[in-house]
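Notes for the structure review
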Amino acid sequence: MNLDPNVKELMSHPQRIVEVNIPVKMDNGELRFFKGFRVQHSNYCGPYKGGIRYHQQVDMGEVTALSAWMSIKCSVVGIPLGGGKGGVVVNPKELSLGELERLTRGYIRGIADVIGPTKDVPAPDVNTTPQIMNWIADEYSKYVGHDARGVVTGKDLEHGGSKGRNIATAQGGVYVLDEIARQQGFEPKNTRVVIQGFGNAGGVMAKLLFEKGYKIIGASDSQGGVIISEGMNPDEMLACKAQNETVVKCGGSSGKVVTNEQLLEEDCDILILAALENQVTAANADKVKAKIVFELANGPTTPEADNILAKKGVMVVPDILANAGGVTVSWFEMLQNADNKYWTEEEVFQKLLPIMVNAYKELKKNADKYGCTLRNAAYVTALKRIEAKIREQGVL
Ligand code: NAD
């Protein structure tokens, strides 16, 4: 794409990194200190946007990388937002609800000067819930002295959240996958889908695809997987999983129990990766039999595996498109908060559909033009848009 080296340099570093030391009064009276970060990667296209994760292994390098991914993801779907990410080094499972609230409020006071509804808008990520987002909205509103709940997305509905947010990632994925399946001549009833990671994103995507007539033949979670070649009903699978804490026990008499490794190598048309990063690697990419690999999770395919899959002719739908329905509905939440006017779920999905489908079409156009994978086409598309904004702002 002949990327201007200055654009590459600009996008290779975050614009700002904030590190805060958060004192928290624990239930036993002791004062403990936690480290928190907010990394603002780029705001050429709009306010910084990206989740906050609470995890004992959070570090600034990881948060920085994730913030850059957000700049690209927002640009891939063409929404007017930049990229950011936040994190606190903590195992939230070790805290009481009160301690978690005091930690969250302390973190927000620490970064309050650099966030805001038109500046930087956090969201949920690993281990951060709608309840935590409600506290953030409240603490920030107190700080600025008026209702500023648009400072954060992923809130509960009664605190200004958007309808449809909880299924937006999966629904956005279905819009893209259905468009690809149509273009490639797949008939839903003859299309065999395997899903790695039957959680929030993967379980819901299974339900939505099943409703469209797709045949869901495989599902897995951290304990292993199950294959039912005549197809499964995801609602029944999810109900059984809720009871047994795993899908492994839910295959019935016709179900074949498989390991997580075997599941990825199962004969199918579409493999949806909805669990963790680094799942398809140089060690197993050659054994993947699916014609389409769909990255609902972030970073499930390693760069080496990407090359192997491309050589085999497997189409990989990259995470920065596949799961962008989540951030798009977060943007809808920002718009509704700014207007103080709320949309029906139907309106939310009517607006999401063309954004996802048009984003895919643009990627496909660039993939054909440059003779590259959809992932590289996503970077080309995103960086061209960001470059135009950088020039508009006179930075170059
Ligand atoms: P989740 O915790 O609800 O679900 C993850 C599922 O993966 C669980 O069922 C877990 O048992 C399973 N799993 C864990 N290790 C596994 C393994 N080795 N093999 C097979 N399954 C395994 O999480 P989620 O919210 O569904 O997120 C999943 C992925 O999607 C993450 O990468 C996340 O970043 C990404 N994502 C989610 C959203 C969203 O809105 N939920 C948005 C964007 C991206």
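The preceding data block contains the structure.
Small disclaimer: the values here were computed from a predicted structure and weren't measured. (Residues numbered from 1 in each chain as written. Predicted model: local features only at pLDDT ≥ 70, side-chain atom pairs only at ≥ 80, totals over all residues. Heavy atoms only, no water.)

Turning next to the site of the ligand. Not every one of the 19 residues close to the ligand is listed here, only the nearest: Thr 169, Asn 200, Ala 201, Ser 222 and Asn 298. A distance of 3.5 Å is found between an oxygen atom of the ligand and a backbone nitrogen or oxygen belonging to Gly 199. With the chains in place, 71% of the 820 Å² that the ligand exposes on its own is no longer accessible. Of all the elements in the fold, those that place two or more residues in the shell around the ligand are helix H6 (200-211) and strand E7 (215-221). (Near = heavy atom within 4 Å. Polar contact = N/O pair within 3.5 Å; in protein donor to acceptor, adjacent residues only side chain to side chain. Areas by Shrake-Rupley, 256 points an atom, 1.4 Å probe, with all protein chains shown as cover. Helix = DSSP H or I, 4+ residues; strand = E, 2+ residues; numbered from the N terminus.)

Under the defined criterion, the tally for this structure stands at one disulfide. Between Cys 240 and Cys 250 runs a disulfide, and the two sulfur atoms are separated by 2.1 Å. On the sign convention where negative means left-handed, the S-S torsion of about -90° between Cys 240 and Cys 250 marks this disulfide as left-handed. With a gap of ten residues between them, Cys 240 in helix H7 (residues 234-244) and Cys 250 in the loop between H7 and strand E9 (256-258) connect regions that are remote in the sequence. Cys 74 supplies the cysteine sulfur nearest to Cys 45, a cysteine that is in no disulfide, at a spacing of 8.5 Å. What makes Cys 45 buried here is its relative accessible area of 18%. For Cys 74, a relative accessible area of 0% gives the class buried. (Disulfide = S-S within 2.5 Å. Buried < 20%, exposed > 50% of the residue type's maximum accessible area, 1.4 Å probe, protein only.)

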